[in-house]
Amino acid sequence: MIRIFCGFVTAIIFTAAAIFLIIKLSNHLKLFDDTDNYRKKHRWLVPRLGGAGMIFGAGLTFPIFWTSFSIEINAMLGSTIVLVLLGFKDDLLGGAKPLEKFFMQFIASIILTTFGKLGLTVYPWIVTVDFYSEIVLQLLSVLVIVFLINSFNLIDGIDGLAGIISLIVNLYLSFKLYQFGSFDFAFIGIVVCGATMAFLRFNILERKIFMGDAGAMLLGLISASLGFKFIQYGNSTSVMGYQSPGAIVFALLIVPVFDSTRISLIRIIQKKSLFLGDRNHVHHRIKDLGMSDLKTVAVLSIFTLCASAYSIVFQSLGLLSLLISIFMFAVVGNSILTYLRGVHLSNDYRLVDILLKDTLGER
């Protein structure tokens, strides 16, 4: 425990120092995020290399306090390197093509599932596990990891949201994995949490830096890795087993998962490009009600905590019932939010417009 705590503090210090220097260097070299008046509301030049500081701080901390990693951890670190290279290219040079991003994300996810043995599992008494079912499971696991990586990237649209949600996810999962005896995964998660907290100090309090793709993809990958590991341990009756550990992970990740699913379905229905940015995300809709970034983050964080508490308390309901009910909570919450936003923006908005205008795109 002492070593993990020291790693947490060290990651905060290293990351804070790195981000301070990155801000100074970015101001000198004019490495700023481009201002998009449609999707982005910042009116000053802000560097988007916060992820570089997080990766630098966490990367320096690992070898100091943890010199021997399992093959699973090495696979996670290898996957991280792939995503870091992709993220840095996009944050520094810009213009990484969607297919290029997906290809690199698939490579990172394949490394994690093949060598790290992290992914979806089945119950042998329900499905016969053979070579073909293992291939299907690995493919599904890769798709889930890629989806989560992009989900965190998509919610990184306002100050602090991706960082705070990842803190909720990874602090809880790291704590439980420590209880399970998975100390190396707990250490990785806590160190990343320390780096995230240091970033948020400059992002939320001073608004001097953005996370960028490198940081958002890192948080998505780590959250997916810890989530899969938690499910593996949670399914084991020998170590504090849960009846439905997957539901807990789903609840923790409900904000990025629901927002990405919703956005993708709406763009498909309205025949729009999946890669075209817009202001249709849940956090944008809350902001349209007049809330600040901080209040918006608070609303979505409280929803995450409530959904997670529900999934823990009602484990006896079973995995499928929990997954459906949690998703329906999100659907109802989004419908209420959509209606309030519509009424706020137009006196002619009707309840049926939630479907007609905001889903089907009719005008």
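Residues numbered from 1 in each chain as written. Predicted model: local features only at pLDDT ≥ 70, side-chain atom pairs only at ≥ 80, totals over all residues. Heavy atoms only, no water.

1. A short note on the overall build of the chain
Then, number 1: Secondary structure summary: the chain contains 14 helices and 0 strands in total.
Then, number 2: Each helix and strand of the chain, placed in order from N terminus to C terminus, yields the pattern α-α-α-α-α-α-α-α-α-α-α-α-α-α.
Then, number 3: For the chain, restricting intrachain contacts to residue pairs at least 6 apart in sequence, the fraction spanning at least 24 positions comes to 74%.
Then, number 4: Within the structure as shown, the chain displays about 17400 Å² of accessible surface, and the carbon and sulfur contribution to it stands at 70%. (Helix = DSSP H or I, 4+ residues; strand = E, 2+ residues; numbered from the N terminus. Contact = heavy atoms within 4.5 Å. Areas by Shrake-Rupley, 256 points an atom, 1.4 Å probe, with all protein chains shown as cover.)

2. Examining the nonpolar core
Then, number 1: Counting residues in each nonpolar core, the largest one holds 88 residues, and the members touching the most others are F230 and I254.
Then, number 2: Apart from the residues within four sequence positions on either side, F230 is in contact with Y172, L173, K176, L177, F180, Y242, P245, I248 and V249. (Core = buried A, V, L, I, M, F, W, Y, C linked by side-chain atoms within 4.5 Å. Buried < 20%, exposed > 50% of the residue type's maximum accessible area, 1.4 Å probe, protein only.)

3. Points about unusual backbone geometry
Then, number 1: For K117, which is not glycine, the phi torsion reads 55 degrees and is therefore positive.
Then, number 2: In this fold, K117 is placed in the loop between helix 4 (98-114) and helix 5 (131-155).
Then, number 3: The backbone of K271 sits at a positive phi, close to 55 degrees, despite the residue not being glycine.
Then, number 4: Within the secondary structure, K271 sits in the loop between helix 10 (254-269) and helix 11 (282-287).

4. Here we look at the confidence of the model for the chain
Then, number 1: Taken as a whole, the chain shows an average pLDDT of 86; of its residues, 89% reach a score of 70 or greater.
Then, number 2: The spread of mean pLDDT over the elements of the chain runs between helix 14 (residues 353-356), the lowest at 80, and helix 12 (residues 293-313), the highest at 96. (pLDDT = per-residue confidence, 0-100.)

5. Considerations on the pattern of salt bridges
Then, number 1: Tallied over the full model, the rule gives 9 salt bridges.
Then, number 2: The shortest N-O distance in the salt bridge between D213 and K101 comes to 3.2 Å. Linking D213 in helix 8 (residues 212-234) with K101 in helix 4, this pair joins segments that are 112 residues apart in sequence.
Then, number 3: Measuring nitrogen to oxygen at the nearest pair gives 2.6 Å for the salt bridge that ties K287 to D293.
Then, number 4: Connected via shared salt-bridge partners are D159, R207, K287 and D293. (Salt bridge = Lys/Arg side-chain N within 4 Å of Asp/Glu carboxyl O.)

6. Re the packing of helix 9 (residues 245-252) against helix 13 (residues 319-345)
Then, number 1: In contact at an axis separation of 8 Å, helix 9 and helix 13 are set at 15 degrees when each is read in the N-to-C sense. Overall, the two elements helix 9 and helix 13 adopt an arrangement that is roughly parallel. Both helix 9 and helix 13 take part in a crossing whose hand is right-handed. Between helix 9 and helix 13, the contacting residues are G246, A247, F250 and A251 on the first element and L319, L322, L323, I326 and F327 on the second. (Axes fitted to C-alpha atoms, helices over the stretch in contact; angles between N-to-C directions. Parallel < 35°, antiparallel > 145°, perpendicular 65-115°, else oblique. Left-handed = near helix turned anticlockwise from the far one by under 90°.)

7. Quick look at the packing of aromatic side chains
Then, number 1: One pass over the full model with this rule turns up 10 aromatic pairs.
Then, number 2: Considering the side-chain rings of Y310 and F314, the 5.2 Å spacing of their centres and the 45 degrees angle between planes classify their relative orientation as tilted.
Then, number 3: Here Y310 falls in the buried class, since its relative accessible area comes to 19%.
Then, number 4: An aromatic cluster is defined as three or more aromatic residues linked by ring pairs; in this entry it consists of Y172, F180, F230, Y233 and Y242.
Then, number 5: Cation over ring: R201 sits above F202, and NZ or CZ is 4.7 Å from the ring centre. (Phe/Tyr/Trp six-rings, centres within 6.5 Å; stacked < 30°, edge-to-face > 60°. Lys NZ or Arg CZ within 6 Å of the ring centre and 35° of its normal.)

8. Examining helix 4
Then, number 1: The end-to-end C-alpha distance of helix 4, which contains 17 residues, comes to 24 Å, matching closely the 24 Å that a straight helix rising 1.5 Å per residue would cover.
Then, number 2: Here helix 4 has its buried residues at K101, Q105, A108, S109, L112 and T113. Within helix 4, the buried residues cover an arc of 130 degrees as seen down the axis, which keeps them to one side. Exposed residues lying more than 90 degrees from the buried face of helix 4 are L99 and F103. (Expected span 1.5 Å × (residues − 1). Arc of directions from axis to C-beta.)

9. Notes on a nonpolar patch on the surface
Then, number 1: A contiguous nonpolar patch, built from L265, I268, I269, L274, F275, L355 and L360 and spanning about 660 Å² of accessible area, is present on the exposed surface.
Then, number 2: The dominant element in the nonpolar patch, judged by the number of residues it contributes, is helix 10, at 3 residues.
Then, number 3: Following the sequence through the fold, I268 ends up in helix 10.
Then, number 4: Here I268 falls in the exposed class, since its relative accessible area comes to 54%. (Patch = residues over 30% accessible without salt bridge, like charges linked within 9 Å, V, L, I, M, F, W, Y side chains within 5 Å.)

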